[in-house]
Amino acid sequence: DLWLRLGSPRRAAEYLDRALAAHRKLYGPEHASTAAVLHLRGDALRAAGDFPAAMASYREAYKLRNRGSNHADTARTLNAIGVLQADLGDWRLADKSFADALGQFAQSGLGAAHPDLLTVRTNRALARWGEAQNDAAAQEYADVVNTLSGTLGAQHPSVEIGRASCRERV
């Protein structure tokens, strides 16, 4: 995780490969911590530009997480899959992944203003904009930014970036 945060995703992926092997051996291939390493490995591989390997890692994490009862972690992995699909320009699949993530968050009991849920709503609005680029998609994004403003405060960087992005889209 540190190497990823320091901007060295390839190095992070190397360490995460070793961590994954250790988690599988110590905790088992289906343990929640193994899924967490797989998800983080997907993040590193995505940042490194190895999209096929990132997708494989995310899908394996999702498969493990979807068996358990932690819907929030499952939703986070679905969101990551959606972001990767958006990176690849597949807006329709990204939108479906974000919709599935929102469904998982609904089952987790997180409130509508939870930052993770708002992140997925923002990503979904952006995916819809990427696909349609119409007034409805722009309005959906503006609505999410307004909710972010109410939750995080008008001066939060995410809100300021969102407002600037709304001005570009409308």
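Residues numbered from 1 in each chain as written. Predicted model: local features only at pLDDT ≥ 70, side-chain atom pairs only at ≥ 80, totals over all residues. Heavy atoms only, no water.

1. Structural notes on the overall build of the protein chain
Argument step 1. Secondary structure summary: the protein chain contains nine helices and zero strands in total.
Argument step 2. Tracing the protein chain from N to C terminus, the helices and strands come up as α-α-α-α-α-α-α-α-α.
Argument step 3. By the compact-globule yardstick of 15 Å for 170 residues, the protein chain fits well, its C-alpha radius of gyration being 17 Å.
Argument step 4. In the protein chain, 48% of the contacts between residues at least 6 apart in sequence involve partners at least 24 apart.
Argument step 5. As displayed, the protein chain offers around 9,000 Å² of accessible surface, 52% of which is attributable to carbon and sulfur atoms.
Argument step 6. Within the protein chain, one finds 21 positive and 19 negative side-chain charges whose respective centroids are separated by 4 Å. (Helix = DSSP H or I, 4+ residues; strand = E, 2+ residues; numbered from the N terminus. Rg over C-alpha atoms; globule rule 2.2 N^0.38 Å. Contact = heavy atoms within 4.5 Å. Areas by Shrake-Rupley, 256 points an atom, 1.4 Å probe, with all protein chains shown as cover. Lys, Arg positive; Asp, Glu negative; His and termini not counted. Charge placed at Lys NZ, Arg CZ, Asp CG, Glu CD.)

2. Description of the nonpolar core
Nonpolar side chains tend toward joint burial in soluble globular proteins.
Argument step 1. Of all hydrophobic cores here, the largest spans 18 residues; its most connected members are Leu16, Leu38, Ala44, Leu45, Ala54, Tyr58 and Leu84.
Argument step 2. Every element with two or more residues in this core is listed here: α2 (9–26), α3 (32–47), α4 (51–65) and α5 (71–87).
Argument step 3. Contacts of Leu16, omitting those with residues within four sequence positions, involve Val37, Leu40, Arg41 and Ala44.
Argument step 4. Ala75, Phe98, Val120 and Ala127 belong to the second largest nonpolar core, which has twelve residues in total. (Core = buried A, V, L, I, M, F, W, Y, C linked by side-chain atoms within 4.5 Å. Buried < 20%, exposed > 50% of the residue type's maximum accessible area, 1.4 Å probe, protein only.)

3. Notes on α2
Argument step 1. Taking 1.5 Å of rise per residue, the 18 residues of α2 would be expected to cover 26 Å, and the 25 Å separating its terminal C-alpha atoms lies within 8% of that figure.
Argument step 2. Looking at α2, one finds that the buried residues are Pro9, Ala12, Ala13, Leu16, Leu20 and His23. One face of α2 carries all of its buried residues, which in axial projection span an arc of 95°. In α2, the exposed residues that point more than 90 degrees away from the buried face are Arg18, Lys25 and Leu26. (Expected span 1.5 Å × (residues − 1). Arc of directions from axis to C-beta.)

4. Let's talk about α3
Argument step 1. Compared with an ideal rise of 1.5 Å per residue, which puts 16 residues at 22 Å, α3 spans 23 Å between its outermost C-alpha atoms and is within 8% of the ideal.
Argument step 2. Considered for burial, the residues of α3 that qualify are Ser33, Thr34, Ala35, Val37, Leu38, His39, Arg41, Gly42, Ala44 and Leu45.
Argument step 3. The inward-facing, buried residues of α3 abut α1 (2–5), α2, α4 and α5.
Argument step 4. Count one or two residues on from α3 and you reach Gly49, which has phi positive near 90°.

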